[in-house]
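Residue-level structural notes
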Amino acid sequence: MSANSPAPSVRPLIAGNWKMHGLRAQLAEAQTVRDALTAGEISHGVDVMICPPATLIALMAEMAKGSRLAVGAQDCHWLPQGAHTGDISAEMLHDAGATAVIVGHSERRADHGELDRIVKAKAEAALRAGLTAIVCIGETAGQRRAGLTLDIIARQLVGSLPEAGTAADTIVAYEPVWAIGTGLTPTPAEVAEVHAFIRRALIDQYGTQGREMRILYGGSVKPSNAAELLAVPNVNGALVGGASLKAQDLLAIARACKVDAA
Ligand code: 13P
């Protein structure tokens with residue numbers, strides 16, 4: 001089994017991460033995405049998700065009900081409930097209509113000092129609540145310059161992934177910190193190297209499930225570079241920040257997805 005030949009059944013996912021952007025008026029963009037999906041403008045072989053701020057999850061889930069647009073969250077607490085003012089549990093996100101949650105985004109690792117063991121606990125919480133965990137990993141510019149990229153990736157994977165993940169409930173997002181919001185991206189060859197490394201690690205940890213797990217690329221994905229990045233082996237979709245705030249850009253990225261004819 002070659003780590004470089006992903007199972008053809010891996011469905012691409014284009015997920016938008018709105019971060020701390022979006023008042024209710026921004027839901028109009030999600031509505032446009034929903035309507036384009038309903039109109040068949042995007043291949044049925046591609047999954048599309050938007051992860052809005054927590055304040056918009058229930059509203060967006062209601063709006064997207066019965067459509068192909070999935071709704072995700074950006075973070076969760078690791079406990080199901082308790083005295084944790086301001087936090088939101090995975091169960092609450094599920095109750096609000098989310099089907100997935102991003103955990104371990106580099107902005108949370110940086111802003112809130114989240115360590116791998118916390119990220120892992122959050123990923124486990126997501127699975128416990130019936131959500132898909134989108135586990136983010138990625139090196140900083142300094143770590144890449146020092147030649148430490150694969151060491152960092154290996155350590156984050158071991159530390160952050162849930163024990164009993166499956167291809168249905170666990171997704172890895174490779175987001176080089178230096179590529180987020182900067183307009184910079186790694187070369188396709190650099191992306192290929194890291195994604196092949198992640199694929200091998202997932203197969204080591206999860207066996208055949210690891211072969212089918214989705215590995216997303218994130219960091220300055222936009223309509224103009226999406227086709228090139230999404231064509232890289234073992235890239236099974238994208239986690240899109242800034243460009244996901246505009247429906248037409250998110251849709252253009254989804255259209256750039258290569259889909260197996262099967
Ligand atoms: P940008 O697409 O804005 O670089 O953000 C990427 C990201 O952090 C998605 O989670």
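What follows is about the pattern of salt bridges. Within the structure shown, the criterion is met by 15 salt bridges. Here Arg-128 ties to Glu-91 by a salt bridge, and the two come within 2.7 Å at their closest N and O atoms. With a gap of 37 residues between them, Arg-128 in helix 5 (residues 116-128) and Glu-91 in helix 3 (residues 90-96) connect regions that are remote in the sequence. What makes Arg-128 partly exposed here is its relative accessible area of 41%. Judged by relative accessible area, Glu-91 falls into the partly exposed class, the value being 26%. Each of Asp-75, Arg-108, Glu-114 and Lys-122 takes part in a single network of salt bridges with overlapping partners.

On to helix 1 (residues 27-38), then. In this model helix 1 runs 16 Å from its N-terminal to its C-terminal C-alpha over 12 residues, within 8% of the 16 Å that 1.5 Å per residue would give. What helix 1 keeps buried is the set Leu-27, Ala-30, Val-33, Arg-34, Ala-36 and Leu-37. On the buried face of helix 1, the contacting elements are strand 2 (47-51), helix 2 (54-64), strand 3 (69-73) and helix 11 (247-255). Within two residues after helix 1, Gly-40 carries a phi angle of roughly 75°, on the positive side.

So, about helix 10 (residues 223-230). Listing the buried residues of helix 10 in full gives Asn-225, Ala-226, Leu-229 and Leu-230. End-on, the buried residues of helix 10 take up no more than an arc of 125°, which puts them together on one face. The exposed set on the far side of helix 10, more than 90 degrees from its buried face, consists of Ser-224 and Glu-228. Looking at the buried side of helix 10, the elements it contacts are strand 1 (13-17), helix 8 (188-206), strand 7 (214-218), strand 8 (237-240) and helix 11.

Turning our attention to the packing of helix 1 against helix 11. Axis separation between helix 1 and helix 11 bottoms out at 8 Å; the angle between their running directions is 35°. Remark: the crossing between helix 1 and helix 11 carries right-handed chirality. Taking contact as the criterion, the partners of Glu-29, Thr-32, Val-33 and Ala-36 in helix 1 are, on helix 11, Ala-247, Gln-248, Leu-250 and Leu-251. In terms of residue class, the contact of helix 1 with helix 11 is made up of five nonpolar, two polar and one charged.

So, how was this worked out
In this convention, every chain numbers its residues from 1, walking through the sequence in written order. Confidence filtering applies because this is a predicted model: local features only for residues at pLDDT of at least 70, side-chain atom pairs given and counted only at 80 or more, and all residues used for totals across whole chains, interfaces and linings. Derived side-chain values reflect all non-hydrogen atoms in the structure, with water molecules and hydrogen atoms excluded from consideration. We define a salt bridge as a side-chain nitrogen of Lys or Arg found within 4 Å of a carboxyl oxygen belonging to Asp or Glu. Only DSSP runs of H or I covering at least 4 residues are called helices, and only runs of E covering at least 2 are called strands; the numbering of each starts at the N terminus. Exposure categories follow from relative accessible area, calculated using a 1.4 Å probe and restricted to protein chains: below 20% of the type maximum is buried, above 50% is exposed, and the middle band is partly exposed. Multiply 1.5 Å by the residue count of a helix minus one, and that product is the helix's expected span. Contacts are assigned to residue pairs with any non-hydrogen atoms lying within 4.5 Å of each other. When we speak of the arc, we mean the arc of directions from the helix axis to the C-beta atoms. Orientation is described by lines fitted to C-alpha atoms, with helices fitted over the stretch in contact, and by angles between N-to-C directions that extend from 0 to 180 degrees. The hand of a helix crossing depends on one turn: near helix anticlockwise from the far one by less than a right angle means left-handed, and clockwise means right-handed. Think of it as three bins: nonpolar holds Ala, Val, Leu, Ile, Met, Phe, Trp, Tyr, Cys and Pro, charged holds Asp, Glu, Lys and Arg, and polar takes everything else, Gly as well.

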